[in-house]
Amino acid sequence: MSKNLTLRSNIIGGQKSFSLKRAFIVARRELRDGLRDWRIMAPIISLTFIVPLLVVLGIRMGSGFLSRLEPGTFEGRVLPFATLAIGFFPMSFSLVIALEAFVGEKERNSLETLLSAPLTDSELFTGKFLAAVIPTILSSIYGTMVFVIGILITGGPLPAEPIAIGFFMLLGAAEALVMVAAAVIVSSQSTSVRAANLLASFVIVPMAIVVQIEAIVVLTGQTNGLFFILVGLMIIFIILLRTGVRVFNREEILSREGGDGLKFRQILGNIGRMFARTPEETIDNRKTNLRKFSPWRLYRHDIPQIIKLNRFAILTVTTALLLAIFIGWWFTTLPIVKDFTKDLQQQYKQQVVGPQSQACDGDTLARSGITWQFIFMNNTRAVLVGSVLAFLTLGVGGILLVMVAVGPIGAIGSFLSQVGVNVFLLIIGLVLPHGIIELPAVVFATAAALQVATCFILPPKKMSIGRSLQFSLVNYIKLLALIIPMLFVAAIIEANITPLIGCALIRGGGL
Amino acid sequence: MIEAVQLTKTFGDFTAVKGVSFSVNPGKVMALLGHNGAGKTTTTRMLTATLAPTEGYARIAGYDTVKNPQEVRKIIGHLTELPGLYNRMRIEEYLDFFGEVYYVPKNIRKGRAEEMLKQFDLWETRQLKMGEYSKGMRQKAALIRALIHEPKVLFLDEPTSAMDPHSAKMVRDAIGQLKQENRAIILCTHNLFEAEALADYITIIRKGEIVIEGTNEELKRKLLGVPAYTVKLVQPIPPDGLPIELANLIELTEFGTDWFNYTTEEADKVNPIILRRLLDNGFEVVTISEVARSLESVYLKIAGTPQQNSNTLDEVENSLKKVGKSSKSSADQDRQNQEQVSAEIEEVIR
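In this text, all values refer to a predicted model and were calculated from it rather than measured experimentally. (Residues numbered from 1 in each chain as written. Chains lettered and ligands numbered in written order. Predicted model: local features only at pLDDT ≥ 70, side-chain atom pairs only at ≥ 80, totals over all residues.)

Enquirer: Looking at this structure, I do not really get the overall build of chain A. What am I missing?
Expert: Across its full length, chain A carries 24 helices and zero strands. Considering chain A as a whole, with its 511 residues, one finds that 41% of them fall into the buried category. Taking contacts inside chain A between residues at least 6 apart in sequence as the whole, the part at least 24 apart equals 84%. (Helix = DSSP H or I, 4+ residues; strand = E, 2+ residues; numbered from the N terminus. Buried ≥ 20, exposed ≤ 12 C-beta atoms within 10 Å, placed from the backbone. Contact = placed C-beta atoms within 7 Å.)

Enquirer: Would you mind going over the overall build of chain B with me for this structure?
Expert: Assigned secondary structure in chain B consists of 12 helices and 16 strands. Counting the 350 residues in chain B, one finds 40% classified as buried. Taking all contacts inside chain B whose residues are at least 6 apart in sequence as the whole, residues at least 24 apart take part in 71%.

Enquirer: Looking at this structure, how should I read the packing of helix 17 (residues 311-333) of chain A against helix 21 (residues 396-419) of chain A?
Expert: A pair of packed helices can be characterised by two numbers: the angle between their axes and the separation between those axes. All names here are of chain A. Running from amino to carboxyl end, helix 17 crosses helix 21 at an angle of 40 degrees, the nearest separation of the two axes being 6 Å. For the element pair helix 17 / helix 21, the angle class is oblique. The two elements helix 17 and helix 21 cross, and the hand of that crossing is right-handed. On the side of helix 17, the interface is formed by V317, A320, L321, A324, I325, F326, I327, G328, W329, F331, T332 and T333, while helix 21 contributes I399, V402, M403, V406, G407, P408, I409, G410, A411, G413, S414 and F415. Of the residues assigned to the contact of helix 17 with helix 21, the class counts are 17 nonpolar, seven polar and no charged. (Axes fitted to C-alpha atoms, helices over the stretch in contact; angles between N-to-C directions. Parallel < 35°, antiparallel > 145°, perpendicular 65-115°, else oblique. Left-handed = near helix turned anticlockwise from the far one by under 90°. Nonpolar A, V, L, I, M, F, W, Y, C, P; charged D, E, K, R; others polar.)

Enquirer: When you look at the interface of chain B and chain A in this model, what are you seeing that I'm missing?
Expert: When the parts of a complex come together, some accessible area is lost, and that lost area is often used as the size of the interface. Facing the 36 residues of chain B at the interface are 34 residues of chain A. Across the side of chain B that touches chain A, the residue classes break down as 15 nonpolar, 13 polar and eight charged.

Enquirer: Quick question: what am I supposed to make of the sheet that holds strand 5 (residues 63-64) of chain B here?
Expert: As a general point, the strands of a sheet are linked pairwise by backbone hydrogen bonds and lie either parallel or antiparallel. Residue and element names in this part refer to chain B. Strand order in the open sheet formed by four strands is 2-1-4-5, and the pairing between neighbours is antiparallel. Two strands close off the open sheet at either side, each with one partner strand: strand 2 (14-24) and strand 5. Along the sheet, helix 1 (residues 40-47) makes contact with strand 1 (2-11), strand 2 and strand 4 (55-60), crossing strand 1 at roughly 120 degrees. (Pairing = 2+ DSSP bridges.)

Enquirer: Honestly, the sheet that holds strand 11 (residues 228-233) of chain B in this entry has me stumped. Any pointers?
Expert: Residue and element names in this part refer to chain B. Across the sheet, four strands lie side by side as 13-14-11-15; this open sheet has antiparallel pairing. Only two strands of the sheet have a single neighbouring strand rather than two, namely strand 13 (251-255) and strand 15 (285-290). Neighbour-to-neighbour, the strand axes of the sheet open up by a mean angle of 20 degrees, direction not taken into account. For strand 11 and strand 15, the ladder comprises five bridges, and the chain directions are antiparallel. Looking at strand 15, one finds that Y229 is bridged to E290. On top of the sheet, helix 9 (residues 267-280) reaches strand 11 and strand 15; it is set at about 165 degrees to strand 15, its chief contact.

Enquirer: Teacher, can you tell me more about the packing of helix 20 (residues 372-392) of chain A against helix 22 (residues 423-453) of chain A here?
Expert: Residue and element names in this part refer to chain A. Two numbers describe how helix 20 lies on helix 22: the axes approach to 8 Å, and their chain directions differ by 25 degrees. In terms of their interaxial angle, helix 20 and helix 22 are classed as roughly parallel. Both helix 20 and helix 22 take part in a crossing whose hand is right-handed. Contact residues: N379, V383, G386, S387, A390 and F391 in helix 20; E438, V442, A445, T446, A449, L450, V452 and A453 in helix 22. Residues of the contact of helix 20 with helix 22, tallied by class, amount to nine nonpolar, four polar and one charged.

Enquirer: Explain the confidence of the model for chain B here, please?
Expert: Detailed conclusions should not be drawn from predicted coordinates in areas where pLDDT is low. Residues and elements named next belong to chain B. Considering every residue of chain B, the mean pLDDT works out to 81; 83% of them sit at 70 or more. Taken together, the stretch residues 305-339 has pLDDT below 50 and engages in 42 contacts with residues farther than four places along the chain or on a different chain. Every residue in residues 341-350 is under pLDDT 50, and counting partners more than four places away or in other chains gives 10 contacts. The complex prediction reports pTM at 0.69, with the ipTM value standing at 0.71. (pLDDT = per-residue confidence, 0-100.)

Enquirer: Please clarify how the pairing of strand 8 (residues 184-188) of chain B should be interpreted in this entry.
Expert: Within a regular beta strand, the side chains point alternately toward one face of the sheet and then the other, so they alternate between its two faces. Residues and elements named next belong to chain B. Among the five residues in strand 8, five count as buried, and that is most of the element. Residues A184, I186 and C188 line one face of strand 8 and the alternating positions I185 and L187 line the opposite face, and both faces are buried. With four bridges connecting them, strand 3 (residues 29-33) and strand 8 associate as parallel partners. Note that in strand 8 the partner of V29 across the bridge is I185. Two elements, strand 7 (residues 153-157) and strand 8, share five bridges in a ladder whose sense is parallel. Paired with L156 across the strands is L187, a residue of strand 8. Once the chain exits strand 7 it traverses helix 6 (residues 165-180) before rejoining the sheet at strand 8, and the crossover so formed is right-handed. (Right-handed = clockwise from strand over helix to strand, strands pointing away.)

Enquirer: Explain unusual backbone geometry here, please?
Expert: Positive phi values are uncommon outside glycine, yet Q6(B) reaches one of about 50 degrees. Its location among the elements puts Q6(B) in strand 1.

Enquirer: Sorry if this is basic, but what is going on with the environment of R90(B) here?
Expert: Tracing the backbone through its elements, the reader meets R90(B) in the loop between strand 6 (76-79) and helix 3 (91-101). We classify R90(B) as partly exposed; it has 16 C-beta atoms within 10 Å.

Enquirer: Explain the pairing of strand 7 of chain B to me, please; I cannot follow it from the model alone.
Expert: All names here are of chain B. Within strand 7, five of the five residues are buried, which leaves it mostly tucked inside the rest of the structure. The alternating pattern of strand 7 places V153, F155 and D157 on one face and L154 and L156 on the opposite face, and all of these are buried. With four bridges joining them, strand 6 and strand 7 adopt parallel strand pairing. Opposite L79, over in strand 7, you have L156 as the bridge partner.

Enquirer: What is the right way to look at the nonpolar core in this model?
Expert: In summary, soluble globular proteins display a tendency toward joint burial of nonpolar side chains. Residues V180(A), A181(A), A183(A), V184(A) and L187(B) are the most contacted members of the largest nonpolar core, which totals 142 residues. Residue contributions to this core peak at 17 residues, all from helix 9 (residues 162-189) of chain A. When residues no more than four places from it in sequence are discounted, the contact partners of V180(A) are S94(A), A98(A), F129(A), A132(A), V133(A) and T136(A). Membership of the second largest hydrophobic core comes to 36 residues, among which are V443(A), A447(A), L482(A) and L487(A). (Core = buried A, V, L, I, M, F, W, Y, C linked by C-beta atoms within 7 Å.)

Enquirer: Can you walk me through helix 12 (residues 225-247) of chain A in this structure?
Expert: The α-helix winds at 3.6 residues per turn, so residues separated by three or four positions along the chain end up facing the same way. A rise of 1.5 Å per residue sets the reference length of helix 12 of chain A, with its 23 residues, at 33 Å; its end C-alpha atoms lie 33 Å apart and thus fit the reference within 8%. Listed in full, the buried residues belonging to helix 12 of chain A are L226(A), L233(A), F237(A), L240(A), L241(A), G244(A), V245(A), R246(A) and V247(A). (Expected span 1.5 Å × (residues − 1).)

Enquirer: What am I meant to see in helix 4 (residues 73-88) of chain A here?
Expert: All names here are of chain A. Here helix 4 spans 22 Å end to end across 16 residues, near enough to the 22 Å set by a 1.5 Å rise per residue. Where helix 4 is concerned, the buried positions are L79, P80, A82, T83, L84, A85, I86, G87 and F88. Contacts made by the buried residues of helix 4 are with helix 2 (38-61), helix 5 (91-100), helix 8 (121-153), helix 9 and helix 11 (201-219).

Enquirer: What is the right way to read the environment of A174(A) from this model?
Expert: In this structure, A174(A) sits in helix 9. Setting aside its immediate chain neighbours within four residues, A174(A) contacts L230(A), L233(A), M234(A) and F237(A).

Enquirer: Can you help me understand the confidence of the model for chain A in this one?
Expert: Residues and elements named next belong to chain A. With 88% of its residues at a pLDDT of at least 70, chain A reaches an overall mean of 82. The secondary-structure element of chain A with the lowest mean pLDDT is helix 19 (residues 364-368), recorded at 56, while helix 8 shows the highest, at 92. Predicted confidence is poor over residues 1-11, with pLDDT under 50, and the contacts of this stretch with residues over four places away or in other chains come to 20 contacts.

Enquirer: What am I meant to see in the environment of P304(A) here?
Expert: Residues and elements named next belong to chain A. Mapping P304 onto the fold places it in helix 16 (residues 295-309). The class for P304 is partly exposed, based on 13 C-beta atoms found within 10 Å. Along the primary structure P304 and L479 are separated by 175 residues, whereas in three dimensions their C-alpha atoms are 9.3 Å apart.

If you want it as structure tokens, here you go:
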């Protein structure tokens, strides 16, 4: 190959323009096509008109039983809950349309024609999204209206305050937006409709939990709580929409072939290549690694690049960490806690930092059994468990674990400051010597785990969710090459140096 | 109009297309031939801006397929291997949708759709849903869709597959007409007759690499050697061969009871001499004609595993011995005979 041919980026560029009008061209065709399918029309008609009327009928028939409930329960709880539930029913068919959006077309061989047409990625994605969400929202609104009118016609009261009914409709629309956006992403990332249907559980299960929370909120009469759910749903929707457009890659969709099986060999091959390349090379999807893998390259290039890539996650974890210290501090200043720890403060003052302190007696530390090996193993285990927790909980569990671990520093600091200890010196003497290494290690590990857990939200540009997950896992493992030695050094300092500094401060009366 | 330079596409460790370069000018058709999996579709997808090349680049009407994909998509028409229609739609709705997507104004696209539906015999069936169409009708519908915006550049993947002979001819005529209208066309096909009939250039791709390219004639000459001719006689060839000297002029390749085949580089000079000598020796000639050599032979030689001919090399050698006695007549003598042969041919014709 001639030398002047440059290595190409693997991204088709120039697709940033977006026209809602052109997205609607796609949506209109989809709608027209979809609404001619009796398999879609039957549930729409049934869930919009028939089911609400059946619920009205059920409520009227069961009015005898319902009248035995506590006064106000039927009007104040049961009817609003039924209104909310009716608005949710149409969500079931929204998934059918949305999951078919891309992978269905691919199976019917019509997708390539559409992908080679002059439509941008965002126009295609939005068009497909609108085609699934419009009938769902309309069906949800009409279903609610049919129910309300049905109740009124049969002589019942207005199921909820007019403003609440409007709010329920908004909530139904928000649920539709979230479910459809998630399902369209699933469709654009699946190899077959069957795989998409299986993956749909990732949409259905969380939404089922949300609906149960909504039900509890309505049945307990705390309808104001629905506002927070609405805000939460809208935030999730915006994240999903952004993710959907970002991970939409016509090349990936077209070249993704070969059924639904897990290709371990291929995955391992990908991971191996990602290890061999620097993160930048992987993002650029370069064919070969320009710098050969070596420990030097790992520390000189890979790890700094990973830290740079994880900067937002690091910022998030650091903020959480500082917040935990602040909460710990604040908690100990609460009057109720102060009262509770009053005796403890006195005792602590005498035994630990007072003139009769035994904290630094020669064999106290030895008796405690706290060796550097123990500290190292304990911290490493905590970091790994926190990471696994983060992987499984979209990062939340990992961050909470760090907060729980670090929060006591604030609480103890506050507690000791009330005793009269110089907290500034305490931090310098008892936290900083090892903490200056240990805390960044914990932050890096938690941030990398957060990055793995949320890789689908903001994957590197035009990287599929699968590749993004592999990439962030590889980055996490590479980063361990920095984290483990840091924990090791921190453990040695914590076991051998920190106590000396601390005791010097205690004995010297500096604290 | 279409320019591919060192196009390479890799999927992980697999290289689907490697260093493919070619260009197609307006008013020309290039046939891209190759087995299934040879890399034709991947090449086409890179040219239609649906796949980005790993290395190299492609330009369509001056637009880079990676930097200006939208511009590229606007000016190309792409007929995919499988028509992939929307089965619940009617053809007019379908064409209206794609016309709108391709920026064809509403007042124009309706008329254009009608015109093409009539041209391809689909007007009468326009009320049917496309799911009810036969395979051939579906293929024609997809072709009309690819043409609805009158693209300057066309990528046609198996345009006549599944069509009856009448429809296939209709489509081939349409492609000829599009060529006349100065459009650049890439034709991916397994129908070698079609490629031979329509293409100005032929590119054979194998395992992602171009193995040979050129005009139909160039390819035949490169791969099948010099043209072959067959002579059919009225009388059978005597058992001890023809009593004339031919071996210094031609290379005999095959023979039968009353015919023989030979190859020569200079047919315009040699064929009259052959004819003259045959006539001089009392052999009456029914026909002397060029042996038809199909693109299929070229293709099989390059891309496939050709079946061995029934005549082995030994048989060809024997035929040489039997049909013509070996002679070392000088070229000068032949040149002297040439004028005489020409005169005799004219006489025979008269």
